[in-house]
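Understanding the architecture of this molecule
Chain by chain, the residues run as shown.
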Amino acid sequence: MQASLGRRAFHVCNYLFLTAAAAACLLPMLNVLAVSFSSSSAVSAGAVKLWPVGFTLKSYAFVVGKPEFGKAFLVSLARVAAGVPLNMLLTILVAYPLSKDRKQFRFRNFYAWYFVLTMLFSGGLIPWYMTIKMTGIIDSFWALILPGAVPIFNVILLLNFFKSLPEEIEEAAEMDGAGRWQALWRITVPLSAPAVATLTLFCIVTHWNSWFEGLILMNSPSHYPLQSYLQTVIVGRDLSLLTSADIARWSEINDRTSKAAQVFVAMVPVLLVYPFLQKYFAEGIVMGSVKG
């Protein structure tokens, strides 16, 4: 049946709005990418729009052409590899009992408020640093992972997703002889794959983009993760981390081109991971549309 004039007008307006929104997100990224590949003089003159002018890789060569960069990159990879599984394991183990009612978990409300209050109120930077220092992990790899091992916001999101699952499924599993652990790992977690995939991506982005912890908790620049290293060398311009050859190359690099190169060097790993998790987001949309 042919659509009415009003409905066709709605579709046209909808497509125009979505196209404009997509352009608003994409065009700035294209501009930053063009700046990162352009010459210093072209960027200074404001001649770069959406296409590189005076194509050059000097900014990328400066950012990635140092041994310290490779070491910091490996630290960030190790941080993601160790931190994300730990975050997800603890998030699941905390969210699952909190998703039950008081009949099943008597102290549920007490623990729920305990975790929420830790998210709303903080002791501040100095008590946070002193607490980590007293544990003896300052200037170690675990200082980047253990202080944020339980992301409370993720716990709240996951426990709400657990609560939305039909209780009858777990009850049926218990009638078949499944215990709590089996019900969690064989039923609840697989059914929550879209939520788990989304939170996994959140954890990956958080660990990969974090730079402040590295600057505060690491005494040696050789232990910096990638973002801390890039922030120090490119944004902070700590000359103690630069050789005389690096300082001389600053004359060939515009500040904007170096920062643009930094943005894309840091962005690429997350962009490579996202397509593998996209299918779980699509499954979650479909599952939500047919539920009930």
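In this text the structure is predicted, and so the values were computed from the model without any measurement. (Residues numbered from 1 in each chain as written. Predicted model: local features only at pLDDT ≥ 70, side-chain atom pairs only at ≥ 80, totals over all residues. Heavy atoms only, no water.)

1. What about the overall build of the protein chain?
To keep it simple, the criterion reads: Runs of E in the DSSP output that reach at least two residues are strands. Runs of H or I that reach at least four are helices, and both are numbered from the N terminus. Pairs of residues are marked as contacts when any of their non-hydrogen atoms sit within 4.5 Å. Method for areas: the Shrake-Rupley scheme with a 1.4 Å probe, in which residue coverage is limited to the protein chains shown.
Each helix and strand counted, the protein chain has 14 helices and zero strands in total. Listing every helix and strand of the protein chain by position from the N terminus yields α-α-α-α-α-α-α-α-α-α-α-α-α-α. Within the protein chain, counting contacts between residues at least 6 apart in sequence, those at least 24 apart form 70% of the total. As displayed, the protein chain has an accessible area near 17,300 Å², and 69% of this comes from carbon and sulfur atoms.

2. Notes on a nonpolar patch on the surface
To be explicit about the condition: Every patch collects residues that have over 30% relative accessible area and no salt bridge, joining them within 9 Å if they carry like charges and within 5 Å if they are nonpolar side chains (Val, Leu, Ile, Met, Phe, Trp, Tyr). By salt bridge we mean one thing: a side-chain nitrogen of Lys or Arg within 4 Å of a carboxyl oxygen of Asp or Glu. The cut-offs for exposure are 20% and 50% of the maximum accessible area for each residue type, with area from a 1.4 Å probe on protein chains only; residues under the lower value are buried, those over the upper are exposed, and the others partly exposed.
A contiguous nonpolar surface patch, about 850 Å² in accessible area, is contributed by Trp113, Leu117, Met119, Leu120, Phe121, Phe153, Leu157 and Phe202. Elements represented by at least two residues in the nonpolar patch include exactly α5 (108-120) and α7 (152-164). Mapped onto the fold, Met119 is located in helix α5. On the basis of relative accessible area, Met119 is assigned to the partly exposed category, the value being 38%.

3. A few points about unusual backbone geometry
Positive phi values are uncommon outside glycine, yet Asp139 reaches one of about 65°. Within the secondary structure layout, Asp139 lies in the loop between α6 (125-134) and α7. Under the relative-accessibility criterion, Asp139 is labelled partly exposed at 22%.

4. Remarks on the layout of surface pockets
Heads up, the condition is: Using only the protein atoms, space was sampled on a 1 Å grid; points where a 1.4 Å probe fits but cannot get out form cavities, open sets with protein on both sides within 12 Å along at least five of seven lines form pockets, and lining residues are those with an atom within 4 Å of a point. Grid points are joined across faces, edges and corners, and a volume is the space filled by probe spheres set on the points. Lys, Arg, Asp and Glu make up the charged group, whereas Ala, Val, Leu, Ile, Met, Phe, Trp, Tyr, Cys and Pro make up the nonpolar group; the residues left over, Gly among them, are polar.
Its boundaries defined by the atoms lining it, the largest pocket holds a volume of some 680 Å³. When residues of the lining of the largest pocket are traced back to their parent elements, those giving at least two are α4 (67-98), α5, α6, α7 and α10 (193-209). A class-by-class count of the residues in the lining of the largest pocket yields 16 nonpolar, 11 polar and two charged. As a volume, the second largest pocket reaches approximately 310 Å³. Lining the second largest pocket are 18 residues; nearest its centre among them are Lys100, Leu165, Pro166, Glu167 and Glu170. Those elements that provide at least two residues to the lining of the second largest pocket are α7, α8 (167-175) and α9 (180-191). No other element matches the five residues that α8 contributes to the lining of the second largest pocket. Partitioned by chemical class, the residues of the lining of the second largest pocket number seven nonpolar, three polar and eight charged.

5. Some thoughts on the pattern of salt bridges
Enumeration according to the criterion identifies three salt bridges in this entry. Here Lys100 makes a salt bridge to Glu170, at a shortest N to O gap of 3.0 Å. Taken together, the residues span a long stretch of sequence, with Lys100 in the loop between α4 and α5 and Glu170 in helix α8 at a distance of 70 residues. Side by side, Lys100 and Glu170 carry an identical accessibility label, which is buried. Across the pair Arg180 and Glu174 runs a salt bridge, and its minimum N-O distance is 3.4 Å. Assessed through its relative accessible area of 38%, Arg180 is described here as partly exposed.

6. Overview of the confidence of the model for the protein chain
In plain terms, the rule: The score called pLDDT rates the predictor's confidence residue by residue, from a low of 0 to a high of 100.
Summarising the model, the protein chain shows a mean pLDDT of 83, and 87% of its residues fall at 70 or more. Ranking the helices and strands of the protein chain by mean pLDDT puts α4 first, with 92, and helix α13 (residues 244-249) last, with 62. Every residue in residues 284-292 scores below 50 in pLDDT, and together they form five contacts with partners more than four places removed in sequence or on other chains.

7. A closer look at the packing of α4 against α7
Note the cut-off: Every axis corresponds to a line fitted to the C-alpha atoms, with the helix fit spanning only the stretch in contact, and the corresponding angles, defined between N-to-C directions, vary from 0 to 180 degrees. An angle below 35 degrees is treated as roughly parallel, one above 145 as roughly antiparallel, one from 65 to 115 as roughly perpendicular, and anything else as oblique. Note on convention: the crossing is left-handed when the near helix lies turned anticlockwise from the far helix by less than a right angle, right-handed when the turn is clockwise.
Taken N-terminus to C-terminus, the directions of α4 and α7 make an angle of 50°; their axes are 8 Å apart at the nearest point. By the criterion of interaxial angle, the relationship of α4 to α7 is oblique. For the crossing formed where α4 meets α7, the hand is right-handed. Residue-level inspection shows Thr91, Ile92, Val94, Ala95, Tyr96 and Leu98 of α4 in contact with α7, the latter providing Asn154, Val155, Leu158, Leu159 and Phe162. Class assignment for the residues of the contact of α4 with α7 results in nine nonpolar, two polar and no charged.

8. Thoughts on the environment of Ala34
You can see Ala34 is positioned in helix α1 (residues 5-36). Put simply, Ala34 and Pro52 are 18 residues apart on the chain and 4.4 Å apart in space, counted from C-alpha to C-alpha. Those residues in contact with Ala34, other than ones at most four positions away along the chain, are Val48, Lys49, Leu50, Trp51 and Pro52.

9. Examining the nonpolar core
Formally: By convention a nonpolar core is built from buried Ala, Val, Leu, Ile, Met, Phe, Trp, Tyr and Cys residues, the set being connected through side-chain atoms within 4.5 Å.
Among the nonpolar cores identified, the biggest contains 48 residues, and Val63, Phe69, Leu98 and Leu158 are the most heavily contacted of them. When residues of this core are traced back to their parent elements, those giving at least two are α3 (58-64), α4, α5, α7, α9, α10, α12 (226-235) and α14 (255-290). Tallying contributions element by element places α4 first for this core, with 11 residues. Grouped together as the second largest cluster of nonpolar side chains are six residues, Ala34, Val35, Val43 and Val48 included.

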